[in-house]
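Examination of the molecular architecture
Given next are the chains, with one letter for each unit.
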Amino acid sequence: MYDSHEYFTEAEGLTGRNFQKNIWLRIERFIFPKLEFVYTVNQSIANIYSKKYGVKVGVVRNIAKLGSIPSASKSSLELPENKKIIVLQGAYIDPDRGGKEAVLAMAHVENALLLVIGAGREMALIKELAQRPELKDKVKVFPKLPYQELQRYTVVADLGLSLDKPLHMNYTLSLPNKLFDYIHHGVPVLGSNLVELKGIITTYNVGWIVDEVTPEAISQKINEVLFDEKECEEKKLNCLSAREILNWQNEEKQIIETFNRASAS
């Protein structure tokens, strides 16, 4: 049984580290063809592994469990009532994941506040940038929060950001957890042009795609969509419909089926 949570040998952490990468590739080439039961986190990665090693690979996406949507208000979180709320959340807000660009974009967005919530290697820079005079009242930075507390900030947001850059194959093929968190809380998504991310956003019509992860492109798209009340409400309703399909209760069936087949063999 093999559970692959990413396209590991093309991860950002192995970029430029050819010696380490080749060791992991040798291990992968030795193990993978012998595996009987394999699943990974999205169809793009499953297709690569299947073609590369001739093994059937299932898909189990990392999707939130369907539950009640928590109640919260801007006032209860000490957020301004007269501003749109944008959120970028993540446990690994690292370089090339759009955090810096999102913060810089806010210099060109009025009547909105960006919440950056999480941890990662780019958080120190984000905190520094947020202190610039033109950004001081437009960006608020929070550390990584317990999930139940994070949900209260997510649910009051008007727009959720997922802005990984396609600079590493593992990012290019990624399907970030935050996408499903936004959807489950009825928050429309602005996402970068990644194949899996774009597939969910366009299939379920839950947001918009920005073609370039630059401050200019991000601010332009935010200004285009964030204040269109009719379209945002449509996307919000689509999120609430999509969560009835995109949830862990449906996704876990693949794991149960895989383990049942493994037990039977």
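Everything discussed here concerns the structure shown above.
Residues numbered from 1 in each chain as written. Predicted model: local features only at pLDDT ≥ 70, side-chain atom pairs only at ≥ 80, totals over all residues. Heavy atoms only, no water.

1. As for the sheet that holds strand S4 (residues 84-90)
- The 6 strands are arranged S6-S5-S4-S7-S8-S9 in an open sheet whose pairing can be described as parallel. Two strands bound the open sheet, and with one partner strand each, they are strand S6 (139-142) and strand S9 (207-210). Across the sheet, the axes of successive neighbouring strands diverge by a mean angle of 20°, strand direction being ignored.
- Across the face of the sheet, helix H4 (residues 123-130) comes into contact with strand S5 (112-118) and S6 while running at roughly 145° to S6. (Pairing = 2+ DSSP bridges. Helix = DSSP H or I, 4+ residues; strand = E, 2+ residues; numbered from the N terminus. Axes fitted to C-alpha atoms, helices over the stretch in contact; angles between N-to-C directions. Contact = heavy atoms within 4.5 Å.)

2. Regarding helix H8 (residues 195-204)
- Of all the positions in H8, only Glu196, Leu197, Ile200 and Ile201 are classed as buried. An end-on view of H8 places all buried positions within 130° of arc, on one side of the element.
- In this fold, the buried residues of H8 make contact with helix H2 (43-53), strand S7 (159-162), helix H7 (177-184), strand S8 (189-192) and S9.
- Of the residues flanking the end of H8, it is Asn205, one or two places downstream, whose phi is positive at about 50°. (Buried < 20%, exposed > 50% of the residue type's maximum accessible area, 1.4 Å probe, protein only. Arc of directions from axis to C-beta.)

3. Digging into H2
- Among the residues making up H2, those that are buried are Ser44, Ile45, Ala46, Tyr49 and Tyr53.
- Buried residues along H2 sit against strand S1 (2-4), helix H1 (18-31), strand S2 (38-40), strand S3 (57-59) and H8.
- Its side-chain oxygen at 3.1 Å from the backbone nitrogen of Ser44, Asn42 defines the N-terminal cap of H2.
- Once H2 ends, the next one or two residues include Gly54, with phi positive near 65°. (Polar contact = N/O pair within 3.5 Å; in protein donor to acceptor, adjacent residues only side chain to side chain.)

4. Some words on the pattern of salt bridges
- For the structure shown, the criterion picks out 12 salt bridges.
- Ionic pairing is found between Lys165 and Glu101, a salt bridge with its closest N-O pair at 2.7 Å. Of this pair, Lys165 sits in the loop between S7 and helix H6 (169-172) while Glu101 sits in helix H3 (residues 99-105), and the two are 64 residues apart along the sequence.
- Owing to a relative accessible area of 17%, Lys165 belongs among the buried residues under this scheme.
- The residue Glu110 makes a salt bridge to Lys138 at a minimum N-O spacing of 3.0 Å. In this pair, Glu110 is assigned in the loop between H3 and S5 and Lys138 in the loop between H4 and S6, connecting sequence segments 28 residues apart.
- Assessed through its relative accessible area of 12%, Lys138 is described here as buried. (Salt bridge = Lys/Arg side-chain N within 4 Å of Asp/Glu carboxyl O.)

5. Structural notes on the environment of Gly199
- Position of Gly199 relative to the elements: it lies in helix H8.
- Note on Gly199: relative accessible area 26%, which makes it partly exposed.
- The spacing of Gly199 and Leu175 is 24 residues in sequence and 9.7 Å in space, taken between C-alpha atoms.

6. Considering the state of the cysteines
- Tallying each qualifying case throughout the model produces 0 disulfides.
- With no disulfide partner, Cys232 has as its closest neighbouring cysteine sulfur the one in Cys239, 10 Å distant.
- A residue is classified by how much of its surface remains accessible, and Cys232, at 12% relative accessible area, is buried.
- The exposure class of Cys239 is buried, given its relative accessible area of 0%. (Disulfide = S-S within 2.5 Å.)

7. Describing the sheet that holds S1
- The strand order S1-S2-S3 describes an open sheet built from 3 strands, whose pairing is parallel. Edge positions in the sheet fall to S1 and S3, since each of these pairs with one other strand and no more. Mean inter-strand twist for the sheet, computed between neighbouring axes without regard to direction, equals 30°.
- In the sheet, S2 pairs with S3 via 3 bridges, with the strands oriented parallel. Bridge pairing in S3 places Val38 opposite Val57.
- Packing against the sheet, H2 makes contact with S1, S2 and S3, and its axis sits at approximately 175° to S3.

Everything listed here is a matter of coordinates, which is why it stays silent on function.
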